[in-house]
Amino acid sequence: MPQQPHRGYRHRVAHFTLKSTLYASWALGLFPFTYDSRTRQLTRSRWLLSYGLVLNLGLIGVVLLPGTEDHRDVRIDMFERNPIIQQVENMVEIISFLTAVAMHLGIFWKSREMVTILNELFLLEKRHFSNLILAHCHQFDKYVIQKCILVVLEVGSSLLIYFGVPDSNLVVTRAFCIYLVQVGVLLGVTHFHLAVIYIYRFVWTINGQLLELANQQRRGQKVDPARIKLLFWLYSRLLEVNSRLAAIYDIPVTLFMVTLMSANIMIAHVLIIIWINQFSLLDILLLFPQALLINFYDLWLSIAFCELVESTGRQTSDILKLYNDGEDMDEELQRSLSDFALFCSHRRLRFRHCGLFYVNYEMGFRMIITNILYLVFLVQFDYMNLKYK
C-alpha cells in the first residue's frame, strides 16, 4: 500500500466545490442518481429524473412566455439603427434554447448509460487507482476550482448586464427563471468537464506508475509484466469510458461552445457601437468587456480540459519509449510493452464532438480566429449604422 500523498488547502477547496456542485445539481434535478450503500453503487432515481425534467422544462417554458420586462426601451433605438444586432441576438437566444433542451432531454434519456459510466469510474478508482496513486494530482484540484469559479462568474456577469442596464423595466421572477436555466446548462456542462478531469487523473496515475517502473528497470531491478498488463487494461478501459462519455455529451457541449462563440461576436459588436458613440464609461468598462472576457475564458477552459487529457495520453506513449533503454528484458515483459505501445499509437485519447472536430488547443485557436473574422464581417456589413446621428 503506497503512502497517502499530502493534501493541502487547495485540495480541501476542490473537495468543497465538488460537494457544492453535487448538492446544486440535486436541487436542480441535474444529477438523477443516488448512492446505494448496500450495493455501493450509484442508482437511477425515477423521482429525481421526473423532478428534474418537469422543473427544467417548466423553467424554459416560463422564459419563453412573452413578457414586458425586457430591455426593449433601452435597445429599441439600437435595433432600429442596427437590425443586424437584433438578428444576431435572436440567433444566440435560439442556440441557447436548443442547448438547454438538449442538455435536459439528454440527462433524461441517457441516464442509464451515464450511471453505468459513473459506476465503472467509481469501481476503477476503488479497486485499482486508490492503490496506485504515488502523489497528489494538483492539476485536478486546479481545474476543478477554476471550473466552479467560472460558473459563478458566468452567472454574475449575466446578472450584471441584466440588472445594470439603466432605465430598464425588469421583473425579478422572470429574471430568476432565466438564470436558473442558465445555471442548469452551466452545471450540465460542468458534469462533463468534471468527468473529463477524473479521466485525466486516472491516466496521470497510470503514467506515474509507468515512469516508476521505467526508473526501476534503469536501476537494474526486475519489472513485473503483470503490472504492465494491469496498467494496459486500465488504460484501455479509460479509453472506452471516454468514448462513451463523449457520445453522451456530444450535442449539448457542442451547442454550448457555439453559444459562447456567437455570444462573444454579439457582445464585441455591441461594444464597438458603444465605443464609437461614446456611451457612458460605466457601459464601456463595466457591463460588456467583463462578459466578453468571461465568455472567452469559459470557452478556452472547456478546450483546456480536453487538451489536458489528450496531452497526458501522448505522454503515455513517450513514457513507454523509455523502456527501450533497458537491457535484458524478458520476452513476456517485452510483449506486454509492445502491445501497450501499439494500442496507444492506434487509439489515442482524444475528444471529437459530433464527429466533426477534435477539441484541443489547435481547434481553440481556430475558434478565436473565427470569432474575430465574423466580427470583422459584421462591422463591414453594418458599417453605415455604427455611428448614431
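Worth saying up front: this structure is predicted, and the values here are computed from it rather than measured.

Parameters and conventions
Residues numbered from 1 in each chain as written. Predicted model: local features only at pLDDT ≥ 70, side-chain atom pairs only at ≥ 80, totals over all residues. Heavy atoms only, no water. Helix = DSSP H or I, 4+ residues; strand = E, 2+ residues; numbered from the N terminus. Buried < 20%, exposed > 50% of the residue type's maximum accessible area, 1.4 Å probe, protein only. Contact = heavy atoms within 4.5 Å. Areas by Shrake-Rupley, 256 points an atom, 1.4 Å probe, with all protein chains shown as cover. Salt bridge = Lys/Arg side-chain N within 4 Å of Asp/Glu carboxyl O. UniProt positions renumbered as here; feature names shortened; annotations may be inferred. Axes fitted to C-alpha atoms, helices over the stretch in contact; angles between N-to-C directions. Parallel < 35°, antiparallel > 145°, perpendicular 65-115°, else oblique. Left-handed = near helix turned anticlockwise from the far one by under 90°. Nonpolar A, V, L, I, M, F, W, Y, C, P; charged D, E, K, R; others polar. Patch = residues over 30% accessible without salt bridge, like charges linked within 9 Å, V, L, I, M, F, W, Y side chains within 5 Å. Expected span 1.5 Å × (residues − 1). Arc of directions from axis to C-beta.

1. Describing the overall build of the protein
When helices and strands are tallied, the protein shows 11 helices and 4 strands. Here the protein, with 389 residues, has 50% of them falling under the buried criterion. Long-range pairs, those at least 24 residues apart, make up 84% of the contacts in the protein between residues at least 6 apart in sequence. For the protein, the accessible area works out to roughly 20,100 Å², and carbon and sulfur atoms hold 62% of it.

2. Let's talk about the environment of D318
By secondary structure assignment, the location of D318 is in helix α9 (residues 281-321). With relative accessibility at 44%, the residue D318 sits in the partly exposed group. D318 sits 26 residues away from C344 along the chain, and the two C-alpha atoms are 10.0 Å apart.

3. What about the pattern of salt bridges?
Following the criterion strictly, the structure yields 14 salt bridges and no others. The residue K229 makes a salt bridge to E332 at a minimum N-O spacing of 3.0 Å. Separated by 103 residues along the polypeptide, K229 in helix α8 (residues 225-276) and E332 in helix α10 (residues 331-346) bring together distant segments of the chain. Classification of K229 by relative accessible area gives partly exposed; the value is 42%. The class for E332 is partly exposed, based on a relative accessible area of 39%. In this structure, E240 and R244 form a salt bridge, with 3.9 Å as the shortest nitrogen-oxygen distance. Placement of both E240 and R244 in helix α8 is noted, with a separation of 4 residues, approximately one turn of the helix. Put simply, E113, E120, R237, E240 and R244 are held in one network by salt bridges that share partners.

4. Some remarks on the UniProt feature "transmembrane region" (unreviewed entry) in the protein
With numbering aligned to this structure, UniProt lists the feature "transmembrane region" (unreviewed entry) at residues 47-67, 88-109, 144-165, 177-200, 253-277, 284-305 and 365-383. Helix makes up 100% of residues 88-109 and strand 0%. Its end C-alpha atoms lie 31 Å apart. As a span, residues 177-200 carries 100% helix and 0% strand, and end to end its C-alpha atoms are 35 Å apart.

5. Quick word on the packing of α8 against helix α11 (residues 361-381)
The contact between α8 and α11 brings their axes to 10 Å, and the two run at 40°. The orientation of α8 with respect to α11, classified from their angle, is oblique. Classified by chirality, the crossing of α11 by α8 is right-handed. Between α8 and α11, the contacting residues are M257, M261, N264, I265, A268, H269 and I272 on the first element and M367, T370, N371, Y374, L375, L378 and V379 on the second. Split into classes, the residues belonging to the contact of α8 with α11 amount to 10 nonpolar, 4 polar and no charged.

6. Description of the packing of α8 against α10
Relative placement of two packed helices is described by the angle separating their axes and the distance separating the axes. Running from N to C, α8 and α10 point in directions that differ by 15°, and their axes come no closer than 9 Å. Taken together, the axes of α8 and α10 are roughly parallel relative to one another. Our pair here, α8 against α10, has a crossing hand that is left-handed. When α8 is examined against α10, the residues P225, I228, K229, L231, F232, Y235, S236 and L239 are found in contact with a partner set consisting of E332, L333, S336, L337, D339, F340, F343 and C344. Of the residues assigned to the contact of α8 with α10, the class counts are 11 nonpolar, 2 polar and 3 charged.

7. Let's talk about a nonpolar patch on the surface
A surface patch of nonpolar side chains, amounting to about 580 Å² of accessible area, comprises I369, I372, L373, Y374, V376 and F377. For Y374, the location among the structural elements is in helix α11.

8. Section: α10
Here α10 spans 23 Å end to end across 16 residues, near enough to the 22 Å set by a 1.5 Å rise per residue. Within α10, burial applies to L333, S336, L337, F340, F343 and C344. Buried residues of α10 fall within an arc of 125° about the axis and therefore sit on the same side. Those residues of α10 that are exposed and aimed more than 90 degrees away from the buried face are E331 and H346.

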